[in-house]
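One-letter residues, chain by chain:
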Protein chains: 2
Amino acid sequence: MTRIFDAPDQFAATALDGFCRLYPDHVQRVNGGALRSAETRQQKVALVIGGGSGHYPAFLGFVGPGLADASVAGDVFASPSTQAVARIGRLAHRGMGVVLGFGNYAGDVLNFGAAAERLRAEGIDARILAVTDDVASADASEQEKRRGVAGDVVVFKVAGAAAERGDAMDEVMRLAAHANRRTASFGVAFSGCTLPGAREPLFTVPKGRIGVGLGIHGEPGVDEVDAMSASELAALLVDKLLPEAPAGWNRRACAILNGLGSTKYEELFVLWTHVEDRLKAAGITLVRPEAGELVTSLDMAGCSLTLGFLDDELEPLWLAPCDTPFLRRGAALASRAAAVVGNDPDPAPAVPPASDASRRSAACILALLRDTAALLVESEEELGRIDAFAGDGDHGQGMRRGSAAALEAAEAAASAGAGARTLLGTAADAWADRAGGTSGAIWGLLLRGWSDKLSDDEAVSDAMVAAGVREAVDRVMRLGRARPGDKTLVDALVPFADTLAGGIEAGRPLAEAWKQAAEAATRAAEATAPMTPRLGRARPLASRSVGHPDAGAVSLAMIARRLAERLPDAAR
Amino acid sequence: MTRIFDAPDQFAATALDGFCRLYPDHVQRVNGGALRSAETRQQKVALVIGGGSGHYPAFLGFVGPGLADASVAGDVFASPSTQAVARIGRLAHRGMGVVLGFGNYAGDVLNFGAAAERLRAEGIDARILAVTDDVASADASEQEKRRGVAGDVVVFKVAGAAAERGDAMDEVMRLAAHANRRTASFGVAFSGCTLPGAREPLFTVPKGRIGVGLGIHGEPGVDEVDAMSASELAALLVDKLLPEAPAGWNRRACAILNGLGSTKYEELFVLWTHVEDRLKAAGITLVRPEAGELVTSLDMAGCSLTLGFLDDELEPLWLAPCDTPFLRRGAALASRAAAVVGNDPDPAPAVPPASDASRRSAACILALLRDTAALLVESEEELGRIDAFAGDGDHGQGMRRGSAAALEAAEAAASAGAGARTLLGTAADAWADRAGGTSGAIWGLLLRGWSDKLSDDEAVSDAMVAAGVREAVDRVMRLGRARPGDKTLVDALVPFADTLAGGIEAGRPLAEAWKQAAEAATRAAEATAPMTPRLGRARPLASRSVGHPDAGAVSLAMIARRLAERLPDAAR
């Protein structure tokens, strides 16, 4: 279990601080992450990698010449915010675009995706690179649904080396996608990890048993088997991965035998002898394999094997020099110190001029945000309880924090004379940035999408509300990759939006359409209590609860109902 | 706990194998350890480091240009054998002598010390370097009694860098001793580790408590306190070490914040922020600090802080380039592949010619060795039970294995026509090499010392027996650094030797003198049941048992009694 911390909610930020102090030759600390401290030439594609904390050396330990240009560090096992990803992407940009690399988890998909949209809106060619190597989390026919585990290292190494040698964006992305398609991982768990300040591990494995098909965020395995010897374990891991080899493969592979935290070096070395024997017996030539802790899960006990099925393009990139705090290959790459970026907070966004009519609408939106924030203070505990069946139990906390931040930003924007579009957009970004995690990212997208259909010149019309809610749904589904029926907030959002927009388009008054929409959302949220277990975080936005509603859908319906009470006043 | 293994007794050897397969650019495997795979120039002092396995990256992970020339790996938490240390020292030797570096534990002191004697006898200038950095294990006034923990890395780094730049033996040893005097460590334990195949951890720490002053072999702390925050823990560690600073120190320090296995990177980074703040507040400038796993104890949870109080001599050596599997500094050091040494077993020693009289004496010694081996098969379980009160419970196993190996070697020597001196010396080396651990080393020294007073030309006289037992005592006490009263085998050996030699010198028949000596040894062994607790393995050869006799003293007395029964026949 995690034993060394001060305030648990400061754990990840303090760890980032300590890391940056220890490796000043490699990184400089910036808000929310770390940037190379060595100067990087202009006209190079930048690789920014990241995800939740608790996986060191992933991701901070891989920043440096030949690998990543920067890393974004979220809270423990929680995605960094959209704003943090965008900020660090902007800082790392050297004129040829930014690749945003992450493991394929709901929160990361949302936040890195939304950050890429923000950067593109600023004229930066930003692309997302979701690593999907965990064979336990989906079939080979649905590789895009697989989680990212230790294969991150293979894919990022390839992308980083391609960027370092000067490849253009399309080529870096082609090679990275190629590496991702040819990288597969499979792992086992012996015991779960314990979050800082928590009293119990996220899961346990019965004595004498092994969880098979582990995740790296405390998800239990997809199956359980009896404990076995090192040679049997090697066979289990290797035999699960070899069928993933692509046709026409030259039988040269890189490999990572990854320890998750408490499974130690000597154990990995023992296991490696059998892994190597078995791979060699299959006629495979190993290229610079690694055994050690590369993607951990706090102090979880367990390990995973990753194979990268190389070819003539990938092999030199895997072998190329790099110089990072954790991984170093070949001769040191010449470097001199980069300019110091500093840790100034992001400047407040400029408030564009707005018409009086739009400012009056902004005041209505502000009132609705105030109601929302008040509701989420009252409901924090209840939402946490609902979420605890399915996940970390932090949904109530995140919603409270996000709505409070949105309200604060909206109040500042209103004071600065913002119109409706700017006020809601500002609130959206603040929600996403301060709430963190998946729900923060979704609410940021939802409100940002909605705000994009409003205007700073005109009052908010019912038609704008209808167009906004449709845009919001579209954005959440596109970036969040969730569909109705996935037992997520989308299950409530879609009927809400359809009913609201449909009602408006049918000529019903906004307050009435909203009330009906809130009722539809409530019915849909209640229907999200899933009756069959689902796999960890494998499917974006999916919930693990059985027989309990999805907390995200519940909170959306709850907010919709509260605002339905206010709307007859606000619309006046 | 350790989960990945096949046969537990093969764990360390298989781990060594896996390590060497993974790092062919750094090391080549030799029997019992690893040698640099990069060519090393002639006329360089060689640094050979080692100790028990289970501490990776100590010691194998520190082999390479700029650091160690080779590493010897014993069983889990057990010293490598004298023969293995000598073998690898011989292979690493490049004409300027060999430094044998290890942490200050009983078994290592014995085996590395005995190996140094063997190498010196072959004309190699071999020196021993025992690291003594753990402030919890003895007062500053008795620094030579302290254990070696993560400070190993500081001392070996200094010695390795001095050797690499071409310093001569005396200068390398002077700098290493200087670094050792200025290096201090202190640690805490949160939970114990579990040996491969064991069902229970070596110790436990109650919930909400912390063991203070940990060891790295499953020794519990010397004290216990309530769990505390990261900043309080930093204060505890720093404040314990600062009083160790030497007078006139320039306030520049290197530091290692070391995780023991399950205490993970992010926790160490969090702790580091406070350690650094506190050291800086004390006006200390940090020079290239390290935080991570440098000297582990399987999956034990806990951490230690090491400070190296630098000066103008030590600082450049700490910072000098090195290129090892675990630690890499500065530009890569140019290297080409060394010749492959191969893994052939050590050749059987040549048997010098012997007189018939000496061969008849050899036959008597062989009969005594056969009795000893038979006795130790019968007594394995009993000795294990006695040892379990104080230590690992492996004393019976080690004695059985050692005496069996000694008998086998003696039989081969007898077949080859060996005289008494060669036969007993051969048996001694086989015992030390195959038993492993502390008792193996002691029995190797004891019998080797005894054999050195015998002859291959003459029959064994009573005078030779007396001189031999005195030489045996002398060698065990000198290399083992134990004194009577330390509650070790020496407590039984000294009265045995005094009674035996005294009786012979007083003209009593050998069988009678031996019988009285066996009785004296038995009384002394019974008196070794210590009444006060003693500190872990801090004092060489010390026992942790309270109210139980020392297993080493008991087994010595047991053997003496059994041979007393045989001697009237053998002497005929």
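As annotated in an unreviewed UniProt entry, chain A carries the name Homodimeric dihydroxyacetone kinase and comes from Aureimonas jatrophae.

It is worth spelling out the overall build of chain A at this point. The helix and strand inventory of chain A stands at 16 helices and 15 strands. The globule rule puts the C-alpha radius of gyration for 572 residues at 25 Å, and the 24 Å found for chain A is close to it. For chain A, the C-alpha atoms occupy an extent of roughly 75 × 55 × 50 Å along the three principal directions. Evaluated residue by residue, chain A yields a buried proportion of 62% over its 572 residues.

Moving on: the relation of the copies chain B and chain A. Expressed as a screw operation, the relation of chain B to chain A combines 0.0 Å of axial shift with a rotation of 180 degrees, fitting to an RMSD of 0.1 Å. Taken together, the rotation and translation relating the two chain copies correspond to the operation of a two-fold axis. Minimal C-alpha distance to the rotation axis in chain B is attained by S262 of chain B, lying at 2.4 Å. By residue overlap, the copies meet face to face through one surface: 100% of the interface positions of chain B are interface positions in chain A.

Turning to the sheet that holds strand 6 (residues 126–131) of chain B, a few remarks are in order. All names here are of chain B. Taken together, six strands build an open sheet; the order of strands is 1-2-4-3-5-6 and the sheet is mixed. Each edge of the open sheet carries a strand with a single partner, namely strand 1 (27–30) and strand 6. Across the sheet, the axes of successive neighbouring strands diverge by a mean angle of 25 degrees, strand direction being ignored. Summarising the sheet, strand 1 and strand 2 (residues 33–36) pair through four bridges and their orientation is antiparallel. Its bridge partner being in strand 2, V27 is matched across the sheet by R36. Sitting on the sheet, helix 1 (residues 11–22) touches strand 1, strand 2, strand 3 (46–53) and strand 4 (70–76), and the angle it makes with strand 1 is about 150 degrees.

Residue and element names in this part refer to chain A. Along the polypeptide, G187 turns up in strand 7 (residues 183–191). G187 sits 118 residues away from L305 along the chain, and the two C-alpha atoms are 6.2 Å apart. Those residues in contact with G187 that sit more than four places away from it in its chain are G211, V212, G213, L214, L237, C303 and S304.

On to the pattern of salt bridges, then. Scanning all chains against the criterion turns up 78 salt bridges over all chains. Note that D134 of chain B and R147 of chain B form a salt bridge whose closest N and O atoms lie 2.8 Å from each other. Here D134 of chain B is found in the loop between strand 6 and helix 4 (151–164), whereas its partner R147 of chain B is found in the loop between strand 6 and helix 4, with 13 residues between them in sequence. An identical accessibility class is assigned to D134 of chain B and R147 of chain B; each is buried. Here E519 of chain B ties to K515 of chain B by a salt bridge, and the two come within 3.4 Å at their closest N and O atoms. In this pair, E519 of chain B and K515 of chain B both sit in helix 16 (residues 510–526), four residues apart, roughly one turn of the helix. Assessed through its relative accessible area of 38%, E519 of chain B is described here as partly exposed. If you follow the salt bridges from partner to partner, you end up with D17, R21 and R29 of chain A together with E276, D277 and K280 of chain B in one network.

Turning next to the interface of chain B and chain A. The partner chain A presents 55 residues to the 55 residues of chain B that form the contact. Here chain B packs against chain A, burying approximately 4600 Å² in sum over the two surfaces, 59% of which is carbon and sulfur. Run the count over chain B and chain A and you get six salt bridges. Taken together, the connections running from chain B to chain A amount to 34 residue pairs in polar contact (both at pLDDT 80 or more). Broken down by secondary-structure element, the contributors of at least two residues to the side of chain B that touches chain A are helix 1, strand 7 (183–191), helix 6 (230–241), helix 7 (265–281), strand 12 (290–292) and strand 15 (328–329) of chain B. Examining the composition of the side of chain B that touches chain A, we find that eleven residues originate from one element, helix 7 of chain B, more than from any other. For the side of chain B that touches chain A, the class distribution of residues is 23 nonpolar, 16 polar and 16 charged.

The axes of two packed helices give the description: the angle between them and the distance between them. Residue and element names in this part refer to chain B. Running from N to C, helix 3 (residues 106–121) and helix 13 (residues 437–451) cross one another at 40 degrees; their axes reach a closest spacing of 8 Å. Considering only the axes of helix 3 and helix 13, their crossing is left-handed. Residues A106, G107, L110, N111 and A114 of helix 3 form the contact with helix 13, whose own contacting residues are G437, T438, A441, I442 and L445. Tallied by class, the residues present in the contact of helix 3 with helix 13 amount to six nonpolar, four polar and no charged.

All names here are of chain A. Read from one edge to the other, the open sheet built from six strands follows the order 1-2-4-3-5-6, with strand pairing classed as mixed. If you trace the sheet from one side to the other, it starts and ends with strand 1 (27–30) and strand 6 (126–131), each paired once. Across the sheet, the axes of successive neighbouring strands diverge by a mean angle of 25 degrees, strand direction being ignored. Summarising the sheet, strand 3 (residues 46–53) and strand 4 (residues 70–76) pair through five bridges and their orientation is parallel. By the bridge assignment, S53 is partnered in strand 4 with V76. Sitting on the sheet, helix 5 (residues 169–181) touches strand 5 (98–103) and strand 6, and the angle it makes with strand 6 is about 10 degrees.

Parameters and conventions
- Residues numbered from 1 in each chain as written.
- Chains lettered and ligands numbered in written order.
- Predicted model: local features only at pLDDT ≥ 70, side-chain atom pairs only at ≥ 80, totals over all residues.
- Heavy atoms only, no water.
- Helix = DSSP H or I, 4+ residues; strand = E, 2+ residues; numbered from the N terminus.
- Rg over C-alpha atoms; globule rule 2.2 N^0.38 Å.
- Buried < 20%, exposed > 50% of the residue type's maximum accessible area, 1.4 Å probe, protein only.
- Least-squares fit on C-alpha atoms with pLDDT ≥ 70 in both.
- Contact = heavy atoms within 4.5 Å.
- Pairing = 2+ DSSP bridges.
- Axes fitted to C-alpha atoms, helices over the stretch in contact; angles between N-to-C directions.
- Salt bridge = Lys/Arg side-chain N within 4 Å of Asp/Glu carboxyl O.
- Buried area = accessible area lost by both parts, 1.4 Å probe.
- Polar contact = N/O pair within 3.5 Å; in protein donor to acceptor, adjacent residues only side chain to side chain.
- Nonpolar A, V, L, I, M, F, W, Y, C, P; charged D, E, K, R; others polar.
- Left-handed = near helix turned anticlockwise from the far one by under 90°.

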